[in-house]
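Architecture and fold: a report
Listed below are the residues making up each chain.
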There are 2 protein chains.
Amino acid sequence: MSESKEHGFVLDPRLAADTVFIADWHLSRVLLMDDARFPWLILVPRRASAAELDDLAMDERSELLHEIDRAMSMLRSIASCDKLNIGMLGNIVRQLHVHVVARREGDAAWPGPVWGSGSAIPRAADARDMLVGKLRTAS
Amino acid sequence: MSESKEHGFVLDPRLAADTVFIADWHLSRVLLMDDARFPWLILVPRRASAAELDDLAMDERSELLHEIDRAMSMLRSIASCDKLNIGMLGNIVRQLHVHVVARREGDAAWPGPVWGSGSAIPRAADARDMLVGKLRTAS
């Protein structure tokens with residue numbers, strides 16, 4: 001996928017404000033949600049104006065599926081989890097993005113969804129830096 | 001995908017109780033959530049024991065992606081919507097299933113997720129039958 005396809009892509013400022021950069025994969029920017037309650041990654045395909053899954057070309061959708069797999073493996077490598085949750089909502093931030101969240105029975109939102117559940121608890125700086133380091137190594 | 005791969009598949013009784021059968025596609029059983037608040041389809045890959053996306057083989061994941069596209073198109077054909085929401089949660093029902101939901105600004109859960117939002121409002125029988133007929137024709 002060429003650089004030109006990324007032309008005009010700018011990360012939505014609300015996603016930027018809530019997350020820490022982990023990596024740029026082939027299609028997606030990989031972000032860690034800064035919420036100590038859940039191991040939670042967000043994949044943002046670097047395509048300007050994409051809001052719905054089918055705004056991506058077919059080969060990009062396949063790539064996104066592959067990157068969701070990678071995100072699932074990354075989360076399993078850094079956290080124990082009972083279930084992975086995957087969501088593409090976009091009701092508030094329209095820029096296409098995929099949530100991949102490691103869930104534990106009894107976690108702060110269990111068994112409900114993480115979206116709209118209470119308020120994020122930012123990580124302490126040292127815990128955040130350690131986790132970001134692990135994720136960058138695993139990515 | 002052969003019949004043998006479906007061996008042992010039984011729809012989870014909680015999914016069965018909350019939905020109406022629409023069709024069996026190549027991989028997934030297609031169900032309409034019986035909730036008048038939202039146009040809401042559920043795709044259930046007919047594979048016994050699948051709980052996470054990566055419990056499916058790669059070709060099955062690609063097929064699921066294709067069927068999610070079809071479900072999005074079906075919803076657009078029967079309802080106006082401002083955003084489509086796609087979710088794979090499985091915190092309550094572990095059998096792998098994909099929610100595809102047509103959302104309108106100002107709907108009963110907007111801008112939050114539909115999952116865990118209030119209680120389903122079953123459709124009146126005639127409205128449900130009409131919608132099911134449209135979906136079966138479109139499927």
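Here, every reference points to the structure presented above.
Residues numbered from 1 in each chain as written. Chains lettered and ligands numbered in written order. Predicted model: local features only at pLDDT ≥ 70, side-chain atom pairs only at ≥ 80, totals over all residues. Heavy atoms only, no water.

**Remarks on the pattern of salt bridges**
Scanning the model with the defined rule gives 27 salt bridges over all chains in all. Ionic pairing is found between R76 of chain B and D54 of chain A, a salt bridge with its closest N-O pair at 2.7 Å. Residue R76 of chain B is located in helix 2 (residues 58-78), and its partner D54 of chain A is located in the loop between strand 3 (40-45) and helix 2 (58-78); the two belong to separate chains. Judged by its relative accessible area of 36%, R76 of chain B falls in the partly exposed class. Given the relative accessible area of 23%, D54 of chain A is considered partly exposed. Put simply, D24 of chain B and R29 of chain B hold a salt bridge, and the shortest N to O gap is 2.9 Å. By sharing partners, the salt bridges in this structure join E6, D24, R29 and R46 of chain A into a single network. (Salt bridge = Lys/Arg side-chain N within 4 Å of Asp/Glu carboxyl O. Helix = DSSP H or I, 4+ residues; strand = E, 2+ residues; numbered from the N terminus. Buried < 20%, exposed > 50% of the residue type's maximum accessible area, 1.4 Å probe, protein only.)

**Some remarks on the layout of surface pockets**
Taking a probe equal in size to a water molecule and rolling it over the atoms shows the remaining empty space. Of the pockets and cavities examined, the largest pocket occupies roughly 620 Å³. When residues of the lining of the largest pocket are traced back to their parent elements, those giving at least two are helix 1 (13-18) and strand 3 (40-45) of chain B. At four residues, helix 1 of chain B tops the list of elements feeding residues into the lining of the largest pocket. Residues belonging to the lining of the largest pocket are distributed by class as follows: 14 nonpolar, nine polar and five charged. Its volume calculated, the second largest pocket comes out at about 480 Å³. Forming the walls of the second largest pocket are 25 residues, and the residues nearest its centre are M33, I92, H99, W115 and G116 of chain A. Examining the composition of the lining of the second largest pocket, we find that three residues originate from one element, helix 1 (residues 13-18) of chain A, more than from any other. Residue composition of the lining of the second largest pocket, by class: twelve nonpolar, nine polar and four charged. (1 Å grid on protein atoms, 1.4 Å probe; cavity = no way out; pocket = protein on both sides within 12 Å on 5 of 7 lines; lining within 4 Å. Points joined across faces, edges and corners; volume = space filled by probe spheres on them. Nonpolar A, V, L, I, M, F, W, Y, C, P; charged D, E, K, R; others polar.)

**Brief notes about the relation of the copies chain B and chain A**
The transform that puts chain B on chain A rotates by 180 degrees and translates by 0.0 Å along the axis, for an RMSD of 0.0 Å. Accordingly, the operation relating the two chain copies is best matched by a two-fold axis. Identified as the residue of chain B closest to the rotation axis by C-alpha distance is G87 of chain B, at 2.2 Å. (Least-squares fit on C-alpha atoms with pLDDT ≥ 70 in both.)

**Some words on the packing of helix 2 of chain A against helix 2 of chain B**
With their axes 11 Å apart at the nearest point, helix 2 of chain A and helix 2 of chain B run at an angle of 125 degrees to one another. When the interaxial angle is binned, helix 2 of chain A and helix 2 of chain B end up oblique. Where helix 2 of chain A crosses over helix 2 of chain B, the two elements pack in a sense that is right-handed. Contacts between helix 2 of chain A and helix 2 of chain B involve M58, R61, S62, L65 and D69 of chain A from the former and M58, R61, S62, L65 and D69 of chain B from the latter. (Axes fitted to C-alpha atoms, helices over the stretch in contact; angles between N-to-C directions. Parallel < 35°, antiparallel > 145°, perpendicular 65-115°, else oblique. Left-handed = near helix turned anticlockwise from the far one by under 90°. Contact = heavy atoms within 4.5 Å.)

**Quick notes on the environment of R37 of chain B**
Residues and elements named next belong to chain B. Considering the arrangement of structural elements, one finds R37 in the loop between strand 2 (28-33) and strand 3. Distance from R37 to A57, taken between C-alpha atoms, is 34 Å for residues 20 residues apart in sequence. Among the polar contacts made by the side chain of R37, one reaches the side chain of D35 at a distance of 2.7 Å. For R37, the side chain forms a polar contact with the main-chain oxygen of S117, separated by 2.8 Å. (Polar contact = N/O pair within 3.5 Å; in protein donor to acceptor, adjacent residues only side chain to side chain.)

**Let's talk about the packing of aromatic side chains**
One pass over the structure, following the stated rule, counts three aromatic pairs over all chains. Where W115 of chain A meets W115 of chain B, the ring centres are 5.9 Å apart and the plane angle is 50 degrees; that geometry is what we call tilted. Placement of the pair is W115 of chain A in the loop between strand 5 (98-103) and helix 3 (125-138) and W115 of chain B in the loop between strand 5 (98-103) and helix 3 (125-138), with the two residues belonging to separate chains. Just as W115 of chain A is buried, W115 of chain B falls in that class too. Measuring from centroid to centroid gives 6.0 Å for F38 of chain B and W40 of chain B, while their planes differ by 65 degrees, and the two rings are edge-to-face. There is no split in this pair, since F38 of chain B and W40 of chain B are both buried. Taking the ring centre of W25 of chain A as reference, the NZ or CZ of R70 of chain A above it sits at 3.9 Å. (Phe/Tyr/Trp six-rings, centres within 6.5 Å; stacked < 30°, edge-to-face > 60°. Lys NZ or Arg CZ within 6 Å of the ring centre and 35° of its normal.)

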